[in-house]
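Observations on the model geometry
Spelled out from the first residue to the last, the chains are:
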Amino acid sequence: MELRKYFEKYNDEETCIEELKNKRLENGLICKKCGHDSHSFRRVDLKFQCKKCKNRISLRSGTVMENSNLPIKYWMICIELMTLSKRKFSILQLQYLLGHKRYEPIWLMVQKIRLVMHERDEKYTLRAYSEFDSEFLREIEKLTFSKKRNKLS
Ligand SMILES: [Zn+2]
């Protein structure tokens, strides 16, 4: 099964943290406080620290993974799957393979990634791992709220 490849590649959370960290540094991280572009990474709390002013930003902040409690591993597998796999896959199948109990967080993760990747070009993965603009953040918020509303009604 094709999915197996992704599970092998992103086998443990440590590997995923390392990869996300590297991707973000490659994409270029700009300090919001002083505009400096060089950061070190703190393993102890998973934060980047500006080498100039010591301002810290978390590993997930500004990415599609922000505000999610799901393991980074899930996101990496899902993003890779949605980027590289041409065929459709079912969210239920993904949930089953990830071994996650609840359907809703997995559904929401897939919707967020779809939103980020809706441009359908090569910037796909880059976009998911790097900071996106406030318009995107608003769309993601809308998605979260509409899901909550549906649950209530
Ligand atoms: Zn700074």
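Residues numbered from 1 in each chain as written. Predicted model: local features only at pLDDT ≥ 70, side-chain atom pairs only at ≥ 80, totals over all residues.

- An unreviewed UniProt entry lists the protein chain under the name Transposase zinc-ribbon domain-containing protein, with Flavobacterium defluvii given as the organism.

Here we look at the sheet that holds strand β3 (residues 56-58)
- Spatial ordering of the open sheet is given by β1-β2-β3, a layout of three strands whose pairing is antiparallel. With partners counted over all chains shown, the strands left at the sheet margins are β1 (39-42) and β3, one partner each. Here the strands of the sheet are splayed against their neighbours by 30° on average, with no regard to which way each runs.
- Note: strand β2 (residues 47-50) against β3, three bridges, orientation antiparallel. (Pairing = 2+ DSSP bridges. Helix = DSSP H or I, 4+ residues; strand = E, 2+ residues; numbered from the N terminus. Axes fitted to C-alpha atoms, helices over the stretch in contact; angles between N-to-C directions.)

Considerations on helix α5 (residues 103-116)
- In this model, α5 (14 residues) spans 20 Å end to end at C-alpha, consistent with the 20 Å of a helix rising 1.5 Å per residue.
- Listed in full, the buried residues belonging to α5 are Ile106, Met109, Lys112, Ile113 and Val116. The arc that holds the buried residues of α5, viewed along the axis, is 125°, so those residues lie on one side. Facing away from the buried surface of α5 by more than 90 degrees, the exposed residues are Glu104 and Arg114. (Expected span 1.5 Å × (residues − 1). Buried ≥ 20, exposed ≤ 12 C-beta atoms within 10 Å, placed from the backbone. Arc of directions from axis to C-beta.)

Things to note about the environment of Arg42
- Position of Arg42 among the secondary structure elements: in strand β1.
- Sequence-wise, Arg42 and Arg56 are 14 residues apart; in three dimensions their C-alpha atoms are separated by 9.3 Å.
- In this view, Arg42 contacts Lys47 and Gln49; residues no more than four positions away in its chain are not counted. (Contact = placed C-beta atoms within 7 Å.)

Section: the pairing of β2
- The two faces of β2 differ: Phe48 and Cys50 on one face are buried, but Lys47 and Gln49 on the other face are not.
- Of the strand pairs in this sheet, β1 and β2 are connected by four bridges, and their pairing is antiparallel. Within β2, the position partnered with His39 by the bridge is Cys50.
- The antiparallel pairing of β1 with β2 creates a hairpin that spans four residues between the two strands, and Leu46 there sits at a positive phi of about 55°.

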